[in-house]
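Analysis of the macromolecular model
Here is how the chains run, residue by residue.
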Amino acid sequence: MTSRRRTRLRKARAPVSLAEKMAAPGPGEYFSVGSHVSCITCLGQRLQGEVVAFDYPSKMLTLKCPSSSGKPNLSDVILVNLAYVSDVDVINDRTETPPPLASLNISKLANRARTEKEDKLSQAYAISAGVSVEGQQLFQTIHKTIKDCKWQEKNIIVMDDVVISPPYQVENCKGKEGSALSHIRKIVEKHFKDVESQKSMQRTQAQQTQKDSSLSS
């Protein structure tokens with residue numbers, strides 16, 4: 001049966017002792033996993049979602065909320081510090097034991113972490129080597145589809161077959177003639193067309209904004 005309870009949190013107070021932190025929570029101070037809760041942040045934003053986790057000593061609440069992107073298959077996971085919210089409303093208080101946590105693919109997570117680390121190190125190297133912003137952007141575009149992509153000083157090396165040197169245009173792509181070189185050249189050509197198209201759109205928007213501002217003044 002759906003139940004509803006409301007608790008107005010007290011303002012933040014001075015640090016408490018460990019014994020106080022470990023004391024049993026009072027009524028309205030605990031949130032069960034699976035319950036649906038809403039609250040108002042210190043910025044006046046109302047949050048509503050399902051309780052994923054709650055740490056009583058630190059008063060940290062984790063909510064799973066509808067995705068801000070609007071996609072139904074995604075969710076936003078938000079960490080809420082209860083010291084900075086008010087009007088906490090338990091919309092649906094779940095009392096039964098929550099289902100067991102899903103198993104984690106440790107190998108997949110480790111691979112993802114390693115890939116992210118390599119990407120960050122690659123970006124740091126490009127910056128320290130003095131690579132232009134255009135070169136860094138092109139590298140990221142190529143790396144999205146071809147992981148075998150690395151820096152050699154200021155040159156981009158793709159699959160150990162194609163070398164792209166500054167200023168990173170189509171004519172700067174060198175390598176053995178074949179499908180690999182042709183494919184890389186197409187990626188480079190499309191990348192700069194997309195960049196130019198985006199710049200053109202931004203210029204048009206800026207001109208329109210300036211025009212609207214002049215008409216209103």
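These notes cover the structure that comes with them. (Residues numbered from 1 in each chain as written. Predicted model: local features only at pLDDT ≥ 70, side-chain atom pairs only at ≥ 80, totals over all residues. Heavy atoms only, no water.)

A few words on the pattern of salt bridges. As enumerated under the stated definition, the model contains six salt bridges in all. Across the salt bridge formed by Glu 50 and Lys 64, the nearest N and O atoms sit 4.0 Å from each other. Of this pair, Glu 50 sits in strand β3 (residues 46-55) while Lys 64 sits in strand β4 (residues 60-66), and the two are 14 residues apart along the sequence. A salt bridge links Lys 150 to Asp 160, with the shortest nitrogen-to-oxygen separation between them at 3.2 Å. Pair noted here: Lys 150 is in strand β7 (residues 149-152) and Asp 160 is in the loop between β8 (155-158) and β9 (162-164), with a separation of 10 residues, a long-range link. Note on Asp 160: relative accessible area 55%, which makes it exposed. (Salt bridge = Lys/Arg side-chain N within 4 Å of Asp/Glu carboxyl O. Helix = DSSP H or I, 4+ residues; strand = E, 2+ residues; numbered from the N terminus. Buried < 20%, exposed > 50% of the residue type's maximum accessible area, 1.4 Å probe, protein only.)

Given a rise of 1.5 Å per residue, 38 residues ought to cover 56 Å, and the 55 Å separating the end C-alpha atoms of helix α4 (residues 179-216) matches this to within 8%. Those residues of α4 that fall on the buried side of the exposure criterion are Leu 181, Ile 184, Ile 187, Val 188, His 191 and Phe 192. On its buried face, α4 sits against α3 (133-145), β8, β9 and β10 (173-175). (Expected span 1.5 Å × (residues − 1). Contact = heavy atoms within 4.5 Å.)

Viewed as axis vectors pointing N to C, helix α2 (residues 106-128) and α3 meet at an angle of 155 degrees, and their least axial separation amounts to 11 Å. Of the possible angle classes, the one that applies to α2 and α3 is roughly antiparallel. As α2 packs across α3, the resulting crossing turns out to be right-handed. Together, Asp 119, Ser 122, Gln 123, Ala 126 and Ile 127 of α2 and Gln 136, Phe 139, Gln 140 and His 143 of α3 make up the contact between the two elements. (Axes fitted to C-alpha atoms, helices over the stretch in contact; angles between N-to-C directions. Parallel < 35°, antiparallel > 145°, perpendicular 65-115°, else oblique. Left-handed = near helix turned anticlockwise from the far one by under 90°.)

To continue, consider the packing of aromatic side chains. In total, this model carries three aromatic pairs according to the counting rule given. Measuring from centroid to centroid gives 5.2 Å for Phe 31 and Phe 54, while their planes differ by 90 degrees, and the two rings are edge-to-face. Taken together, the residues Phe 31 in the loop between α1 (18-21) and β2 (36-41) and Phe 54 in strand β3 connect sequence positions 23 residues apart. Residue classification places Phe 54 among the buried positions, given a relative accessible area of 14%. Note on Phe 139 and Trp 151: the rings are 4.9 Å apart at their centroids and 15 degrees apart in plane angle, and the pair reads as stacked. With Phe 139 in helix α3 and Trp 151 in strand β7, this residue pair connects regions lying 12 residues apart in the sequence. When its relative accessible area of 4% is taken as the criterion, Phe 139 is described as buried. Taking relative accessible area as the criterion, Trp 151 reaches 13% and is therefore assigned buried. Through successive ring pairs, a cluster of aromatic residues spans Phe 139, Trp 151 and Tyr 168. In this structure, Lys 59 packs its charged tip against the face of Tyr 56, placed 3.8 Å from the ring centre. (Phe/Tyr/Trp six-rings, centres within 6.5 Å; stacked < 30°, edge-to-face > 60°. Lys NZ or Arg CZ within 6 Å of the ring centre and 35° of its normal.)

Further remarks concern the pairing of β4. Strand direction decides the pairing type here: β3 and β4, joined by five bridges, are antiparallel. Across the sheet, residue Phe 54 finds its bridge partner in β4, namely Leu 61. Note: β4 against strand β5 (residues 75-81), seven bridges, orientation antiparallel. Across the sheet, residue Lys 64 finds its bridge partner in β5, namely Val 77. (Pairing = 2+ DSSP bridges.)

Here we take up the nonpolar core. In terms of nonpolar packing, the biggest core is built from 19 residues, with Leu 138, Ile 142, Ile 156, Val 158, Ile 164, Tyr 168 and Ile 184 touching the most fellow members. Among the secondary structure elements, those contributing two or more residues to this core are α3, β7, β8, β9 and α4. Residue contacts for Val 158: discarding those within four places in its chain leaves Ile 142, Ile 146, Asp 148, Cys 149, Ile 164 and Ile 184. Val 80, Leu 82, Val 85 and Val 88 belong to the second-largest nonpolar core, a separate cluster that totals 15 residues. (Core = buried A, V, L, I, M, F, W, Y, C linked by side-chain atoms within 4.5 Å.)

Before going further, it helps to examine the layout of surface pockets. Volume-wise, the second largest pocket comes out at about 220 Å³. Along the walls of the second largest pocket sit Val 33, Gly 34, Glu 50, Val 51, Val 52, Lys 64, Arg 94, Pro 98, Pro 99, Pro 100, Leu 101 and Ala 102, which together make up its complete lining. Per-element tally for the lining of the second largest pocket: the top contributor is β3, with three residues. Here the residues of the lining of the second largest pocket are counted per class, giving eight nonpolar, one polar and three charged. (1 Å grid on protein atoms, 1.4 Å probe; cavity = no way out; pocket = protein on both sides within 12 Å on 5 of 7 lines; lining within 4 Å. Points joined across faces, edges and corners; volume = space filled by probe spheres on them. Nonpolar A, V, L, I, M, F, W, Y, C, P; charged D, E, K, R; others polar.)

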